[in-house]
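Residue-level structural notes
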Amino acid sequence: MTLPGTTTAPTRRLPAPPRPVLRRIACLLPVALVVLWSAGNWAVITDGLGQLRAADRGWLLAAALTTGLCWVAVCFARQGTVLEPLPAGRLLATQFAAGAANDLLPAGLGAHLVTLRFYRRCGVPLARATASLALYSLALPLGRLVLLLALLALTPGALRPGAALPAGRGLLMTVLVLAALALVLTVLLTVRPLRGALRGFLRTALTDARALHARPARTAALWGGALAFPALQAGVLVTVALALNAPPSCLHVAIAYLAACAAAGFIPTPGGLGSVDAALVVTLVAVGTPVATATAVVIGFRAITSWLPLLPGVLTLVALFRWRVL
């Protein structure tokens, strides 16, 4: 209530946050990260590109085309995790950009953040968008495991871990992984706020998963993409091995890729850099590839799937931010 003859002081409004400045920072940050990453890995990049100069150009072209199909497979899998229809062109551009973000942040965090932002822009509620990321993260490892078991059934004894790993190393890695899983479960079950949040998340995720699997088109997109993506990635490694005249059979190289991804999935590095590369060398040696040849194949595979698309992917990510797709 205001007394007669008095005036009320105007309400002081806080200045709006400088959104254009924040958007410029968000656009420039990926470019800065890729510059820093390239500077730190320049020797490895040049070595990888040097290996590719002596390779067969036809097989390298096949590897590049197969890499492009990998993004299409990812789009099918992403669409299969949400009920809402997603715009195909923007989805493909977003997943191409997400691949670059995935190479800059660990444990797939970059791709998940880009995809989550895209889902929110498409009107998917936050809880369901997060549940869709969890379903995607579960479907892809299952797809790799199914393919690996199928190929091992066709060629029993293809992997010879003793040729690449010292005795007892596999047991030690298994114990460490189980201990880490036990620690995570203990924290989730004993901290009450986390337990409540986990219960609500699981309820949403299970409800969405049932709704998605009631639609044949979504089911086919999810599991078709989850199987096609690792198969195509294995195809990239096979074509690079053929370009460099690596001795093992194509089937053995594909088994090496799937086994390496399964082994390296527990180590959160950017885009699998380091963990997948080391595991790939080990598994290629385990299927009979000489160490020097295995290293060259892995460097060529990394150059085609990560290094060459990195700068175009970052520029696409910047453009998507500027056009407010993200």
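Because the structure is predicted, anything quoted here is derived from the model rather than measured. (Residues numbered from 1 in each chain as written. Predicted model: local features only at pLDDT ≥ 70, side-chain atom pairs only at ≥ 80, totals over all residues. Heavy atoms only, no water.)

**A few points about the packing of aromatic side chains**
Just so we agree on the cut-off: Pairing of aromatic side chains requires ring centres within 6.5 Å, counting the rings of Phe and Tyr and the six-membered ring of Trp. Pairs whose planes differ by under 30 degrees are stacked, by over 60 edge-to-face, and all others tilted. Counting from the N terminus, the helices are the DSSP runs of H or I reaching at least four residues and the strands are the DSSP runs of E reaching at least two.
All told, the structure shown has two aromatic pairs when counted by the stated rule. Judged by centre distance (4.8 Å) and plane angle (85°), the ring pair of Trp71 and Phe96 falls under edge-to-face. Of this pair, Trp71 sits in helix 3 (residues 57-79) while Phe96 sits in helix 4 (residues 88-104), and the two are 25 residues apart along the sequence.

**Considerations on the packing of helix 3 against helix 4**
Basically, it comes down to this: Note on method: axes are straight lines fitted to C-alpha atoms, helices fitted across the in-contact stretch only, with angles between N-to-C directions ranging 0 to 180 degrees. Angles are sorted into four bins: roughly parallel if under 35 degrees, roughly antiparallel if over 145, roughly perpendicular if 65 to 115, and oblique for all others. Here is the rule for handedness: rotate from the far helix to the near one, and if that takes an anticlockwise turn smaller than a right angle the crossing is left-handed, while a clockwise turn gives right-handed. Whether two residues touch is decided by their heavy atoms; if any such pair falls within 4.5 Å, the residues are in contact.
Direction vectors running N to C along helix 3 and helix 4 enclose 115°, while the axes themselves pass 9 Å from each other. Between helix 3 and helix 4, the crossing angle belongs to the class labelled roughly perpendicular. The element helix 3 and its partner helix 4 pack so that their crossing is right-handed. Of helix 4, the residues touching helix 3 (which contributes Trp71, Val72, Val74, Cys75, Arg78 and Gln79) are Leu91, Leu92, Gln95 and Phe96.

**Thoughts on unusual backbone geometry**
Note: most residues except glycine have negative phi, and most peptide bonds are trans. With a phi angle near 60°, Asn245 is a residue other than glycine that sits in the positive phi range. Mapping Asn245 onto the fold places it in the loop between helix 9 (216-243) and helix 10 (250-264). Positive phi, close to 60°, is recorded for Arg324, a residue that is not glycine. Among the structural elements, Arg324 can be located in the segment after helix 12 (291-322).

**So, helix 9**
The line we're drawing: Expected helix span is given by 1.5 Å per residue-to-residue step, counting one fewer step than there are residues.
Over its 28 residues, helix 9 runs 39 Å from end to end, which matches the ideal 40 Å to within 8%, given 1.5 Å per residue. After helix 9 finishes, the residue Asn245 shows a positive phi value of roughly 60°.

**With respect to helix 5 (residues 109-121)**
Note the following rule: Each residue's exposure class comes from its accessible area (1.4 Å probe, protein chains only) as a fraction of the maximum for that residue type: buried when under 20%, exposed when over 50%, partly exposed otherwise. As used here, the arc is the angular range of directions from the helix axis to the C-beta atoms.
For helix 5, spanning 13 residues, the distance from its first C-alpha to its last is 18 Å, which sits close to the expected 18 Å at 1.5 Å a residue. If you check which residues of helix 5 are buried, you get Gly110, Ala111, Val114, Thr115, Phe118 and Tyr119. An end-on view of helix 5 places all buried positions within 165° of arc, on one side of the element. Next to the buried residues of helix 5 lie helix 3, helix 4, helix 6 (126-154) and helix 12.

**A look at a nonpolar patch on the surface**
Threshold: Only residues whose relative accessible area exceeds 30% and that form no salt bridge enter a patch; like-charged residues are grouped when within 9 Å of one another, and nonpolar side chains (Val, Leu, Ile, Met, Phe, Trp, Tyr) when within 5 Å. For the area figures, the Shrake-Rupley method with a 1.4 Å probe applies, and any residue is considered shielded solely by the protein chains shown. When a carboxyl oxygen of Asp or Glu lies within 4 Å of a side-chain nitrogen of Lys or Arg, that pair is called a salt bridge.
On the surface, Leu69, Val72, Phe76 and Leu92 cluster together into a nonpolar patch covering about 340 Å² of accessible area. If one sorts the elements of the nonpolar patch by residue count, helix 3 sits on top with three residues. One can find Leu69 in helix 3. For Leu69, a relative accessible area of 45% corresponds to the partly exposed category.

**Considerations on the environment of Gly89**
Residue placement: Gly89 occurs in helix 4. The spatial distance from the C-alpha of Gly89 to the C-alpha of Cys75 is 9.8 Å, given a sequence separation of 14 residues.

**Regarding a positive patch on the surface**
Worth spelling out the cut-off: Charge counting treats Lys and Arg as positive and Asp and Glu as negative, with His and both chain ends excluded. Just so you know, the charge point we use is NZ for Lys, CZ for Arg, CG for Asp and CD for Glu.
A contiguous patch of positive charge, built from Arg117, Arg120, Arg121 and Arg324, is present on the exposed surface. Note that Arg120 resides in helix 5. Judged by its relative accessible area of 41%, Arg120 is partly exposed.

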